[in-house]
Amino acid sequence: MWGAVRRLRGQDYVLVHEQPELRLQDHGMHGNTVNGNQHRGFSVSSDDDMIDITTTGTVTERSIHYDDPGVSHFAADGDEIPGIGQYEDFHTIDWQRDIARDRMRHRYIVKRKQNSLFDLVKGAHDAWSGWVCVLLVGVTTGVFAGVIDIGASWMSDLKHGICPEAFWLNREQCCWSSNETTLSFDIGNCSQWLNWSEVLGQSREGAGAYIIGYLMYVAWALLFASLAAALVRMFAPYACGSGIPEIKTILSGFIIRGYLGKWTLIIKSVGLMLAVSAGLSLGKEGPMVHIACCIGNILSYLFPKYGRNEAKKREILSAAAAAGVSVAFGAPIGGVLFSLEEVSYYFPLKTLWRSFFCALVAAFVLHSINPFGNEHSVLFFVEYNNPWIFFELVPFVGLGIIGGVIAAIFIRANLYWCRYRKTSRLGQYPVTEVLVVTVVTAVIAYPNPYTRMSTSELIYLLFRKCGVTNMDLICDYNRNFTDVKSSIELAPAGPGVYEAMWLLVLALIFKLVLTVFTFGMKVPCGLFIPSLCFGAIIGRIVGVGMEQLAYNYPSIWLFSGECSTGKDCITPGLYSMVGAAAVLGGVTRMTVSLVVVMFELTGGVRYIVPLMAAAMASKWVGDALGSHGIYDAHINLNGYPFLDSKEEFAHTSLAADVMQPKRNETLSILTQDSMTVEDVETLMKETEHNGFPVIVSRESQYLVGFVLRRDLNLALAQARRAVEGLRPNSLVLFTSSSPQQPPEPSSPAPLVLKNILDMAPITITDQTPMETVVDMFRKLGLRQTLVTHNGRLLGVITKKDVLRYIKQLDNEDPNTVLFN
C-alpha cells in the first residue's frame, strides 16, 4: 500500500495509490493490520479518498510514502515553506507535479463538501471557477479588441485629415454622419472630412495639396512609430513583436516572468494602435493573441486554483489564445482550432469546451461594440456567392504553390535579418531602426494609392467584387450599367485595370521587402495581415488574368460552358481570397484552422474546397523548402526550449548516449542520511543544476528520490530562521529513519527534509530508446528523468539535454538552447 501524507489545518491525510479499494478510517486507539503491517488508530474500508488521521498511527517504512511530488511541502517543524511549488524565471515547469497537486487539492475539497454549507459553497465555487475565469477573459478581450480597432482606425485616418465637427470620428464615420452617398465617399468627395491641405487653407487638389498631404503623412507616421518604440523600450520590452512564438513556448511549460504582465498588456495595446497607425507593414491580429493571453494570465490570479498552479494556468491561456484569434478575425471556431493546432501544447477536452466558450463570449462582446460600424464583426466580409468551376482548382493549387514559395523566401530573408540584428551593433539602436524603417516606408508608400491606404483596406478592396458602387481603378471595366440591379457580365478590362495591376505588383514588392525588415522590430507587430496582403495581391492578378481569358475564349473546354452565355463566371475576388490563404498558410504552416478562419473571416462558406486545396499545396511546398513556419523558426532563433510535438525523432540512440554526466564525469548527488548542511551548501555553490538525485549512499548508488534546487534553498533558509541550534555540521536527512550510526551526544539535532523529496520521480533505464524518451518529454511534459541500471542511479536527462542532442544530430549549434 503506497500513499502520501499531507498536513493540512493540523491534520494528516493519506492517499492510497496502488490499492484504491482500501481506505483507512479512524476508529479510536485499537490496532488493525493492513498487508501484514500494524497500524494504530485505523481501520480498513473501501473507496479511494483522503483519510483524516486524528489519532497517532505508526506505519512501517515499506508500506507507505510520507510525501508525494503532487502535494504541499512543509518544513521540519510542520509549517509550510513559502515559495514551494513555484518556479524561477526562464525555467521549465513540472507538469506531472502541478497536475498531481491540483488533483490532491480537488480530492480534499470533494471530501470536505459534506461537512458544512460553507464547504459545499466552496466546492461549487471551485467547480465553476474555470468557467467564470474564461468568461471574464472573453469579456475583457472583446473590450480590448474593440478599443484597439476603433483607436487604430481613427489614428490611421489622422494621417490624411480630420473631421472638424467631431475630431474623434474616423473618415468613414465622419462621412456617414453627413448623410452623403456611398459613391461620394468612395471617390473621396466627402465634404465633412477635410484633408490637411484644406485644414491649412489650401485647396483639396493640386501640387500644393499633394505636398502638404505627403509631409503630414510622413510626420504623423514618424510620431506614431517613435511613440510606440519609446513606450516599448521604457516600460515593457516584452511588448514588442508578435508574441506568438513566446506564447507557444510558455504554453509548452516554460516560465518567462513579465511576458504576460499588466505593463506588457497596457503597452502592447497602446503600442499596437500606434504601430498600425504609423503605416508600417504589420498587422494587429497576431499581437491580439498576446494581449488576450496577458488578460488570461492576470485574471487567473483571481482564482488561486489557476493562479498558483502553472499547469492549470496554461488551460486558461489556451482559452485566451482562442479568444485572441476570435476577436482578431471575428472567427470564434477558427480561434479554437488555432489554439489547438498551432499554439497549445496540452489541450484536454475540458480546455476545448472552455476555449470555445471564451472565444464565443469575446466575439459576442466585440460584435456588441461594433468597431467597424456594420453588421459584421470583420472588415473583409464578401458579398458574392458565385459557384466556382471545377477547372479552377488548377489555378487555386497554383496559387498554393506560389504562396508556399513566397512564404519560404520571406521566412529565410526575415530570419537572416533578425539574426544579423541580434549579432550586430544594429541591435543596440532599436528606436533608431524603427524610425529609419518608418521613414522609408512612409516616403515610398505615399505615391502609390495601394500602399498609402492601410493594409486592411487594401485587402478588403482586393476581396471585393466589382459593381456599380466600386469606382476604384481595379474595377475599370468597359461595362455600361443601365440598371443598378442588372446582373454583372464578363467585360474587357479597361486601361485602369492594367494600371492597377502594375501598381499592385509594385505594392507587392514593396510590402514583401519592407515586411522582412519590419517583423521583429521593437514595436508590436503581427504577420497575419501582411501575409494575407501578399497573397491577396497575387490572387487578384491571377483572377483578372483568368477573367480576361474567360471573356476572350468563353467556349473553350476549360470553362465547361459556364462562360459561354457571357455571365460573370469568374470572380477575381475569390482568387484574391484563395491567394491570401495560400501565403498565410505557407508562412505559419496552418491548415485546418486557416481554412476555418478564412471562411469565417469572409463569409464565403461555399469556397471551402478551393481554400483547402490552396492551403494544402502551400504547406507541402513550404515544408519542402523549409522545415519550420515563421513562429517555430523564431523559437529556434531565440533558443527557447520548445520540444515540438509535431516533429518525429528519426534517430537511433539510447538514453545512455544523452544522459548527464558522461562517462568518467562526476555525478552531483545527495545522500539520504550522511551529508551535513555545509556539504549541501557547498554542492549547490559548486554546481548550477536545477535539482539533485538523492541516493541511499555513494557505495550503493540506489535511488531514493529527487529534490529541486529551489525547494532545497527555500527549506534551508526556512530552517535557519525556524530551527534552533542548526549548525553547519548538522546532518541533513531525506528519510524519516535515523542514520545507521547513532550521533554523538554533543552533535546537533539533524535537519529532516524528507518533506521536499519527490519519492516518485520518473525513471528510465540506460537502454531505453531515445524515441521513447522524447515521447515521454513531449506527452508527459517532463522536466527531467533519471537514468538507472538495475536500480542504481547512472545520470539525469533534462529537457535541455534532449533539445541539445537533437540539434547536434541536425548539425546545428547546441548552445543556441539558452535556458533550462
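Residues numbered from 1 in each chain as written. Predicted model: local features only at pLDDT ≥ 70, side-chain atom pairs only at ≥ 80, totals over all residues. Heavy atoms only, no water.

As annotated in an unreviewed UniProt entry, the chain carries the name Chloride channel protein and comes from Thrips palmi. Under the UniProt heading Sequence similarities (unreviewed entry), the note attached to the chain is "Belongs to the chloride channel (TC 2.A.49) family." (UniProt positions renumbered as here; feature names shortened; annotations may be inferred.)

Q: Help me understand the packing of helix H11 (residues 310–329) against helix H13 (residues 349–369) in this model?
A: If you want to describe how two helices pack, look at the angle between their axes and the distance between the axes. Running from amino to carboxyl end, H11 crosses H13 at an angle of 40 degrees, the nearest separation of the two axes being 8 Å. Helix-helix and strand crossings are classified by hand; for H11 and H13 the assignment is right-handed. On the side of H11, the interface is formed by Lys 312, Glu 315, Ser 318, Ala 319, Ala 322, Ala 323, Ser 326 and Val 327, while H13 contributes Lys 350, Thr 351, Arg 354, Ser 355, Cys 358, Ala 359, Ala 362, Ala 363 and Leu 366. Classifying every residue of the contact of H11 with H13 by side-chain character gives nine nonpolar, four polar and four charged. (Axes fitted to C-alpha atoms, helices over the stretch in contact; angles between N-to-C directions. Helix = DSSP H or I, 4+ residues; strand = E, 2+ residues; numbered from the N terminus. Left-handed = near helix turned anticlockwise from the far one by under 90°. Contact = heavy atoms within 4.5 Å. Nonpolar A, V, L, I, M, F, W, Y, C, P; charged D, E, K, R; others polar.)

Q: Is there a simple way to think about the nonpolar core in this case?
A: Most often, soluble globular proteins keep nonpolar side chains buried together rather than apart. In this structure, Phe 329, Tyr 450, Phe 463, Val 523, Leu 532, Met 598 and Ile 797 are the most contacted members of the largest nonpolar core, which totals 173 residues. In terms of residue count, helix H19 (residues 528–552) provides more of this core than any other element does, 11 residues in total. In this view, Phe 463 contacts Phe 380, Val 382, Tyr 384, Ala 536, Arg 540, Gly 573, Ser 576, Met 577, Ala 580, Met 598 and Thr 602; residues no more than four positions away in its chain are not counted. Grouped together as the second largest cluster of nonpolar side chains are 23 residues, Ile 81, Leu 712, Ala 719 and Ile 756 included. (Core = buried A, V, L, I, M, F, W, Y, C linked by side-chain atoms within 4.5 Å. Buried < 20%, exposed > 50% of the residue type's maximum accessible area, 1.4 Å probe, protein only.)

Q: Please clarify how the confidence of the model for the chain should be interpreted in this entry.
A: In this model, the chain carries an average pLDDT of 81, and 83% of its residues clear a pLDDT of 70 or more. Across the chain, the element-wise mean pLDDT spans from 32 in strand S7 (residues 50–53) up to 95 in helix H8 (residues 262–277). Across residues 1–79, confidence stays below pLDDT 50; counting only partners more than four residues off in sequence or on other chains, it has 187 contacts. Contacts from residues 181–187, a stretch scored under 50 in pLDDT, to residues over four places away or in other chains number 11 contacts. (pLDDT = per-residue confidence, 0-100.)

Q: I'm lost on the side chain of Asp 801 in this one. Help?
A: Tracing the backbone through its elements, the reader meets Asp 801 in helix H28 (residues 799–809). Among buried Asp, Glu, Lys and Arg side chains, Asp 801 stands out as unpaired, with Arg 804 the closest opposite charge at 5.4 Å. A polar contact of 3.0 Å, which involves the side chain of Asp 801, links it to the side chain of Thr 798. Apart from residues no more than four positions distant in its own chain, Asp 801 is found in contact with Val 658, Gln 660 and Val 796. (Lys, Arg positive; Asp, Glu negative; His and termini not counted. Salt bridge = Lys/Arg side-chain N within 4 Å of Asp/Glu carboxyl O. Polar contact = N/O pair within 3.5 Å; in protein donor to acceptor, adjacent residues only side chain to side chain.)

Q: What should I look at first to understand the sheet that holds strand S15 (residues 751–752) in this one?
A: An order of S11-S14-S15 is seen for the three strands of this open sheet, with the pairing classed as mixed. Only two strands of the sheet have a single neighbouring strand rather than two, namely strand S11 (675–676) and S15. Two strands pair when backbone bridges link them, and S11 and strand S14 (residues 731–733) are joined in this way by two bridges, in the antiparallel orientation. Residue pairing for S14: Met 675 is matched across the bridge by Val 732. (Pairing = 2+ DSSP bridges.)

Q: Explain the state of the cysteines to me, please; I cannot follow it from the model alone.
A: By definition, a disulfide links the sulfur atoms of two cysteines through a covalent bond. A full pass over the atoms with the stated rule returns two disulfides. Disulfide partner of Cys 163: Cys 174, at an S-S distance of 2.1 Å. Residues Cys 163 and Cys 174 share a disulfide whose torsion about the S-S bond is about 70 degrees; that sign makes it right-handed. Residue Cys 163 is located in the loop between strand S8 (161–162) and helix H3 (171–177), and its partner Cys 174 is located in helix H3; the two are separated by 11 residues in the primary sequence. Both residues of the pair, Cys 163 and Cys 174, belong to the buried class. Two residues, Cys 466 and Cys 475, share a disulfide whose sulfurs are 1.9 Å apart. Taking the sign of the torsion about the S-S bond as the criterion, the disulfide between Cys 466 and Cys 475, at about -80 degrees, is left-handed. The exposure class assigned to Cys 466 is buried, which follows from its relative accessible area of 10%. Of all cysteine sulfurs in the structure, the one in Cys 240 sits closest to Cys 525, which takes part in no disulfide; the separation is 7.4 Å. (Disulfide = S-S within 2.5 Å.)

Q: What is the right way to read a nonpolar patch on the surface from this model?
A: Residues Leu 135, Val 139, Val 143, Val 147, Ile 150 and Ile 369 make up a contiguous nonpolar surface patch of about 410 Å² in total accessible area. It is helix H2 (residues 117–158) that provides the largest number of residues to the nonpolar patch, a total of five residues. On the secondary structure map, Val 143 appears in helix H2. (Patch = residues over 30% accessible without salt bridge, like charges linked within 9 Å, V, L, I, M, F, W, Y side chains within 5 Å. Areas by Shrake-Rupley, 256 points an atom, 1.4 Å probe, with all protein chains shown as cover.)

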